[in-house]
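Each chain, letter by letter, is given below.
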Amino acid sequence: MENKVLIKGQEIDLTDRKVQCEVFGKQFKVNASAEEVIKMCDERIKSYGMYISNLRELKQAKLAERANGHKEELKAMLAAMSEEERTNFINGLN
């Protein structure tokens, strides 16, 4: 395997495990063949795609949870507004 590759215009030293982790999230075997690296990339892309999807869902669930925690405060604020202020506020959300 070549010891250096160009990623986004930057030369990456594949023998430096710290650099590999910073750039790829994990490290590769230093003496891996091109076929081994391709296989590892495919496996990681698949698993990272799943992690990204799961993280997005977790984020949405926690955003909803956080918003729900402010529900009573929001109700009180809306109740304190005039009809015109409420309409302007709601229209401003779109």
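Everything below is about the structure printed above this text.
Residues numbered from 1 in each chain as written. Predicted model: local features only at pLDDT ≥ 70, side-chain atom pairs only at ≥ 80, totals over all residues. Heavy atoms only, no water.

## As for the environment of K62
Okay, so step 1: In this fold, K62 is placed in helix α2 (residues 34–69).
Okay, so step 2: A relative accessible area of 45% means that K62 is categorised as partly exposed. (Helix = DSSP H or I, 4+ residues; strand = E, 2+ residues; numbered from the N terminus. Buried < 20%, exposed > 50% of the residue type's maximum accessible area, 1.4 Å probe, protein only.)

## Focus on the pattern of salt bridges
Okay, so step 1: Applying the stated criterion across every chain, the model contains 6 salt bridges.
Okay, so step 2: Here K29 ties to E36 by a salt bridge, and the two come within 2.9 Å at their closest N and O atoms.
Okay, so step 3: Here E36 falls in the partly exposed class, since its relative accessible area comes to 31%.
Okay, so step 4: A salt bridge links E65 to K62; its shortest N-O distance comes to 3.0 Å. (Salt bridge = Lys/Arg side-chain N within 4 Å of Asp/Glu carboxyl O.)

## Some remarks on a nonpolar patch on the surface
Okay, so step 1: On the surface, a cluster of nonpolar side chains totalling about 460 Å² of accessible area is made up of L74, M77, F89, I90 and L93.
Okay, so step 2: For the nonpolar patch, the elements supplying multiple residues, two or more each, are α3 (71–80) and α4 (83–93).
Okay, so step 3: It is α4 that contributes the most residues to the nonpolar patch, 3 residues altogether.
Okay, so step 4: Locating L93 in the fold gives a position in helix α4.
Okay, so step 5: We classify L93 as exposed; its relative accessible area is 60%. (Patch = residues over 30% accessible without salt bridge, like charges linked within 9 Å, V, L, I, M, F, W, Y side chains within 5 Å. Areas by Shrake-Rupley, 256 points an atom, 1.4 Å probe, with all protein chains shown as cover.)

## Things to note about the environment of S53
Okay, so step 1: Inspection of the secondary structure puts S53 in helix α2.
Okay, so step 2: On the basis of relative accessible area, S53 is assigned to the partly exposed category, the value being 34%.
Okay, so step 3: With 48 residues separating them in the primary sequence, S53 and V5 have C-alpha atoms 29 Å apart.

## Details of the packing of aromatic side chains
Okay, so step 1: Here the structure, examined in full by the defined rule, presents 2 aromatic pairs.
Okay, so step 2: Ring centres of F24 and F28 lie 5.6 Å apart, and the angle between their planes is 75 degrees; this geometry places the pair in the edge-to-face category.
Okay, so step 3: By relative accessible area, F28 is classed as buried at 7%.
Okay, so step 4: Stacked on the ring of F28, the Lys or Arg R44 has its end atom at 4.4 Å from the ring centre. (Phe/Tyr/Trp six-rings, centres within 6.5 Å; stacked < 30°, edge-to-face > 60°. Lys NZ or Arg CZ within 6 Å of the ring centre and 35° of its normal.)

## Brief notes about helix α1 (residues 17–24)
Okay, so step 1: You can read the cap of α1 off the contacts: a side-chain oxygen lies 3.0 Å from the backbone nitrogen of K18, and it is on D16.
Okay, so step 2: Positive backbone phi, at 85 degrees, marks G25, one or two positions downstream of α1. (Polar contact = N/O pair within 3.5 Å; in protein donor to acceptor, adjacent residues only side chain to side chain.)

## Some points on the state of the cysteines
Okay, so step 1: A full pass over the atoms with the stated rule returns 0 disulfides.
Okay, so step 2: C21 forms no disulfide, and the closest cysteine sulfur to it belongs to C41, at a distance of 14 Å.
Okay, so step 3: Judged by its relative accessible area of 35%, C21 is partly exposed.
Okay, so step 4: Its relative accessible area of 28% is what places C41 among the partly exposed residues. (Disulfide = S-S within 2.5 Å.)

Keep in mind these values describe shape, not function.
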